[in-house]
Amino acid sequence: MVTHGIRGPGGRSGGRPTLEEVAARAGVGRGTVSRVVNGSPRVSQETRAAVEAAVDELGYVPNRAARALAANRTDAIALVVPEVESRFFAEPYFSDIVRGVGAALDSTEMQLLLTIVGNDRERSRLARYLAGNRVDGVLLVSVHADDPLPELLVQLDIPVVLSGRRSADEPLAWVDADNVAGARGAVAHLISRGRRTIGTITGLLDVYGAQCRLDGYRQALVEAGLDADEGLVAPADFTEEGGRRAMEELLDRRPALDAVFVASDVMAAGARQVLRERGRTVPGDVALVGFDDSAIAHRMDPPLTSVRWPIEEMGREMTRLLLAEIADRRPAGAPGDDDRRRIVLPTELVPRTSS
């Protein structure tokens, strides 16, 4: 388990005014002041402004240690990434999530603990750590269908928000992108450019988001009256090397293909290398579309058409949702307002020269 404390609260000195005095000055209840101070999003802008004005006027400074002790709180959340370290540092997706989480925590006193869990031994160590009540909640990123961590968090009564879902019936709070619509739009774009033998390189299919992108690919073909040829589907693992292997497989099986939708920009970079090695021009012989609209898409030659989704916003929304779960003392798996605990973010196709 690789753990990094990547954000701490700013230094503040103690103050004499009490929480009750702030509440009286703002004309609200003590609980409302507590929610504002703790960064809960479940307060109206007008009320938040009144409380913050009272805090400034009185010079109120929360006693963080006393508050945490009284509320059985740690004022810390964990961002848990159940992936090997090499993938975490290779994929821009993870750094974008971290930036979004950090931005959402800027106005709070919460500390962020980044934990990379790449194997069973590290997962067991994390379980012992979390069982010690060392964090108030967990942001769980890149969850696979068989990952035991979500159920562990349910057993420990720790609030949790997922990046993505394990299935269509995910019971935990989550924030996801509209992967089906994004993939469907990417393939429809290729069809509109006259491409008819369109392959796809998928991500790991035990990741629900990868399944959704494959579903979107198939839907676009069916809507256009084209055959969904399973020989044009090559599974991979979201890595550049995986993209290379999958592209080689597609060319060997279907040498006449004229376009490929790739489920991530990282894999598209590997696919582009193979096309160059095989003497296939892009987009002349084979059009190429990726997913993520990362910096990789801009650097590729030619620049890669890609599906943009708001990854930093996902990090921010996950954090806001988790802070609300913590403020309400709602553990993982507890009943709640499903619409509020399920957020789908839109995607957008960014056309470039590769298609």
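Residues numbered from 1 in each chain as written. Predicted model: local features only at pLDDT ≥ 70, side-chain atom pairs only at ≥ 80, totals over all residues. Heavy atoms only, no water.

The name given to the protein chain in an unreviewed UniProt entry is LacI family transcriptional regulator, with the source organism recorded as Streptomyces chryseus.

A. Fine view of the packing of helix α6 (residues 92–105) against helix α14 (residues 311–327). Two elements in contact, α6 and α14, have axes whose closest approach is 7 Å; the angle formed by their N-to-C orientations is 45°. With respect to α14, the axis of α6 lies oblique. Here α6 runs over α14; the crossing is right-handed. Of the residues in α14, those in contact with Tyr93, Asp96, Ile97, Arg99, Gly100, Val101, Ala103, Ala104 and Leu105 of α6 are Ile311, Glu312, Met314, Gly315, Arg316, Met318, Thr319 and Leu323. Split by residue class, the contact of α6 with α14 holds 10 nonpolar, 3 polar and 4 charged. (Axes fitted to C-alpha atoms, helices over the stretch in contact; angles between N-to-C directions. Helix = DSSP H or I, 4+ residues; strand = E, 2+ residues; numbered from the N terminus. Parallel < 35°, antiparallel > 145°, perpendicular 65-115°, else oblique. Left-handed = near helix turned anticlockwise from the far one by under 90°. Contact = heavy atoms within 4.5 Å. Nonpolar A, V, L, I, M, F, W, Y, C, P; charged D, E, K, R; others polar.)

B. Focus on the side chain of aspartate 293. Structurally, the position occupied by aspartate 293 is in the loop between β10 (287–292) and α13 (295–299). Within the structure, the side chain of aspartate 293 is placed 2.8 Å from the side chain of arginine 352, a separation counted as a polar contact. Setting aside residues up to four positions removed in sequence, aspartate 293 forms contacts with Asp265, His298, Ser306, Val307, Arg308, Val350 and Arg352. (Polar contact = N/O pair within 3.5 Å; in protein donor to acceptor, adjacent residues only side chain to side chain.)

C. Just empty space enclosed by the protein, in detail. Scanning the model with the defined rule gives 3 cavities of 30 Å³ or more in all. In this structure, the largest cavity spans a volume of roughly 340 Å³. The wall of the largest cavity is formed by 24 residues, among which Tyr93, Val207, Arg213, Phe238 and Trp309 lie closest to the centre. Here the lining of the largest cavity takes 4 residues from helix α10 (residues 208–223), the largest share from any one element. Partitioning the lining of the largest cavity into residue classes produces 11 nonpolar, 6 polar and 7 charged. Counting contributing residues, the lining of the largest cavity receives three or more from each of domain 2 (76–176 + 312–344) and domain 3 (179–308). (1 Å grid on protein atoms, 1.4 Å probe; cavity = no way out; pocket = protein on both sides within 12 Å on 5 of 7 lines; lining within 4 Å. Points joined across faces, edges and corners; volume = space filled by probe spheres on them. Domains from an automatic or database assignment.)

D. Representation of the nonpolar core in the model. Membership of the largest hydrophobic core comes to 76 residues, with the highest contact counts inside it found for Ile97, Ile201, Tyr217, Met247, Val260 and Phe261. Built from parts of two domains, this core gets at least three residues from each of domain 2 (76–176 + 312–344) and domain 3 (179–308). In contact with methionine 247, not counting residues within four places along its chain, are Ile201, Leu257, Val260, Ala271, Val274 and Leu275. One finds Val80, Val135, Leu149 and Leu162 within the second-largest nonpolar core, a separate group that totals 18 residues. (Core = buried A, V, L, I, M, F, W, Y, C linked by side-chain atoms within 4.5 Å. Buried < 20%, exposed > 50% of the residue type's maximum accessible area, 1.4 Å probe, protein only.)

E. Representation of the pairing of strand β6 (residues 173–177) in the model. The element β6 is extensively covered by neighbouring structure, given that 5 of its 5 residues are classed as buried. Burial along β6 is two-sided: Ala173, Val175 and Ala177 facing one way and Trp174 and Asp176 facing the other are all buried. Summarising the sheet, strand β5 (residues 160–163) and β6 pair through 3 bridges and their orientation is parallel. Within the sheet, the bridge partner assigned to leucine 162 lies in β6 and is tryptophan 174. Pairing analysis gives 4 bridges linking β6 to strand β12 (residues 342–345), with the strands arranged parallel. Bridge pairing links valine 175 to isoleucine 343 in β12. (Pairing = 2+ DSSP bridges.)

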